[in-house]
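So you can see what is in the structure, the chains are spelled out below.
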Amino acid sequence: MSPGLVTLPNGVRVVTEAMPGLHSASVGIWIAAGGRHERPEQNGIAHFLEHMAFKGTHRRNALQIAEAIEDVGGYINAYTSREMTAYYARVLEDDVSLALDVLSDIVLNPAFDPHEIEVERHVILQEIGQALDTPDDIIFDWLQEAAYPDQAMGRTILGPAARVEGFGRGDLEGFVAEHYRPETIIVAAAGAIDADAVLKAAEAAFGGLPPAPTLQPEPAAFRGGERRVVKDLEQAHVALGFEMPGYRAPEIYAAQIYATALGGGMSSRLFQEVREKRGLCYTIFAQAGAYADSGLLTIYAGTSGEEIGELAELTIDELRRAADEMSAGEVERARAQIKAGLLMGLESPSNRAERLARMVAIWGRVPEIAETIERIDAVSRDDVRKLAAAMAAGGKGALALYGQVDGAPELASLAGRLAA
C-alpha cells in the first residue's frame, strides 16, 4: 500500500504505511532536533535529553516505561544524530496504540527528576569514556570536527564531558522549548497498522501543541583540516574525508554510487587494492554521508604504523584514478548493491518507518520506491567520473589519525597528490 501523509493543523506530520502479511509494526516519533541544532554551550544536550526521556514522565517511572513495552514482547529505543532525534518501538499489531501512548508520553511529558538527571549524567559520562577508548569510533568524531571546524556540524553528538557535567533541568527544558515544536515532529508507523487509528492517536497526543516557528540551524561549511593524536596503540587508525553533495542535491545518487564502487564491499577498488592485493589492512571502507546542506565522503582504514604512509598514498591514488578509470561495470555493480540494500531493507517495518520519517523530513513527501530506483538508474558512468574529478580538483580534505601515526603523511601532501 502507498504511504499516507497527513499534516495536522499545528504542523505535526503523521505518515503511515501498512504492510500486509505482517504481524508486527514499528512506530516512532522523529524530531528535527539534533547535534547541529545546539549552540556551543548546549553541545551534548540533545543526546542528554534523549536519555532522560526514558527516565520517567508524570505518568510513568523509568521501570514502568520499560515494562509497558516489554510486557507485551516489544522493544523500545532512541537515537540522536546530527539532524534528528528519534524515539521508536517495535511491537505486535495489537499493541500499536500502547506503543504510541508510551512514546508520546516520554516525548511530551518528561519529568526531569533531579535525582534521575544525576544518575543519567554518570551513564552518559561512561558512554563518552567508552567512545574515547574505542579508536575506530572516536576517530569519526574527530574527522567530523576537522571537516567542519568551529561550527555545530563539527561538534560531537555526545558532547564534551565538561559540558555534560554542567547540564541541569533548566537546560533540558530550554532545549525542548526551543526545538520540540509541532513543525519539527514527525510521527511515523509502518507494518501491521491501522492508519486511521494511528492518525487518531497522533492527533490526540500532539494536536493540542501550539504552533510555533521553527528555528533554523547554523549552516554547514566544509573547511577541512587535520586532527592527529599519537598514542601507543596496536593499530594506526586513518579517516579521510571530502565534501560531497547534501541529500537534496541532484548529485546525491552519483555520490552514493561513487562511494560504493570506491569502498562499499569486497569487490570495491579500495578493498581489492589495499587489502586483497597489498595486505595493508584488515578493514577499509568508504561511505557517503549526507546532510541538508552538505555531505561527507568518509574513507576509513586501520593499519600498522609502519605501513600507514603506503596505505594513505595508495588510497589517494585510487581516488585519483577513479576519476579517469571508473568502469561501466563498477558503476553497475555499485548501483545493484545500493538498490538491493534499499529494497531488502524495506522488508523490515523498522527500516520502512525510518524511511517514511526521513523522506518527509527531507522532501515533505514520501517518494515512491520506483521514483528512487529511477533516480539511481539514471546515474551514468560519466556522472560518477565527473563527481570524482571535481572532488579531486577541489583541493580540500579532512584527515583524522589516531595511534602510531607519527610517520603518516600530512593532509596537505595528500591533497596535493590527489589534485596532481
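Residues numbered from 1 in each chain as written. Predicted model: local features only at pLDDT ≥ 70, side-chain atom pairs only at ≥ 80, totals over all residues. Heavy atoms only, no water.

Draft legend 1. Up close: the sheet that holds strand β11 (residues 398–403). Taken in spatial order, the five strands of this open sheet run β7-β11-β8-β10-β9, and their pairing is mixed. Strands at the two margins of the open sheet, each flanked by one partner only, are β7 (225–230) and β9 (284–290). With direction set aside, neighbouring strand axes in the sheet form an average angle of 10°. Along the sheet, helix α16 (residues 411–419) contacts β7, β8 (236–244) and β11; its crossing angle with β11, the most-contacted strand, is approximately 130°. (Pairing = 2+ DSSP bridges. Helix = DSSP H or I, 4+ residues; strand = E, 2+ residues; numbered from the N terminus. Axes fitted to C-alpha atoms, helices over the stretch in contact; angles between N-to-C directions. Contact = heavy atoms within 4.5 Å.)

Draft legend 2. Expanded view of the packing of aromatic side chains. Following the criterion strictly, the structure yields nine aromatic pairs and no others. Seen from their ring centres, F140 and Y300 are 5.5 Å apart, and the 50° between their planes marks the pair as tilted. Taken together, the residues span a long stretch of sequence, with F140 in helix α5 (residues 135–147) and Y300 in strand β10 (residues 295–303) at a distance of 160 residues. Under the relative-accessibility criterion, F140 is labelled partly exposed at 23%. Accessibility expressed as a relative area gives 4% for Y300, which makes it buried. Measuring from ring centre to ring centre gives 5.7 Å for Y148 and F222, while their planes differ by 90°; the resulting arrangement is edge-to-face. In this pair, Y148 is assigned in the loop between α5 and α6 (161–164) and F222 in the loop between α8 (195–206) and β7, connecting sequence segments 74 residues apart. Members of the aromatic cluster, joined through ring pairs, are F140, F285 and Y300. (Phe/Tyr/Trp six-rings, centres within 6.5 Å; stacked < 30°, edge-to-face > 60°. Buried < 20%, exposed > 50% of the residue type's maximum accessible area, 1.4 Å probe, protein only.)

Draft legend 3. Structural view of the pairing of β10. Here β10 lies mainly inside the structure; nine of its nine residues are buried. Here β10 shows a buried face lined by G295, L297, I299, A301 and T303 and a second buried face lined by L296, T298, Y300 and G302. Where β8 and β10 come together, nine bridges link them in antiparallel fashion. Residue pairing for β10: F242 is matched across the bridge by L297. In terms of strand pairing, β9 meets β10 through seven bridges, oriented antiparallel. The residue of β10 that forms the bridge with Q287 is T298. Hairpin connection between β9 and β10: a loop of four residues separates the two successive antiparallel strands.

Draft legend 4. Expanded view of helix α1 (residues 45–52). With eight of its eight residues buried, α1 lies for the most part within the structure. Of the residues making up α1, those classed as buried are I45, A46, H47, F48, L49, E50, H51 and M52. Looking at the packing, one finds that the buried side of α1 touches β4 (75–80), β5 (85–92), α4 (114–132), α6 and α7 (169–179).

Draft legend 5. Local environment of the pattern of salt bridges. Summed over all chains, the structure comprises 29 salt bridges. The salt bridge involving E273 is made with R278; its shortest N-O contact spans 3.9 Å. Here the salt bridges share partners, and the residues they tie into one network are R59, R60, D101 and D105. (Salt bridge = Lys/Arg side-chain N within 4 Å of Asp/Glu carboxyl O.)

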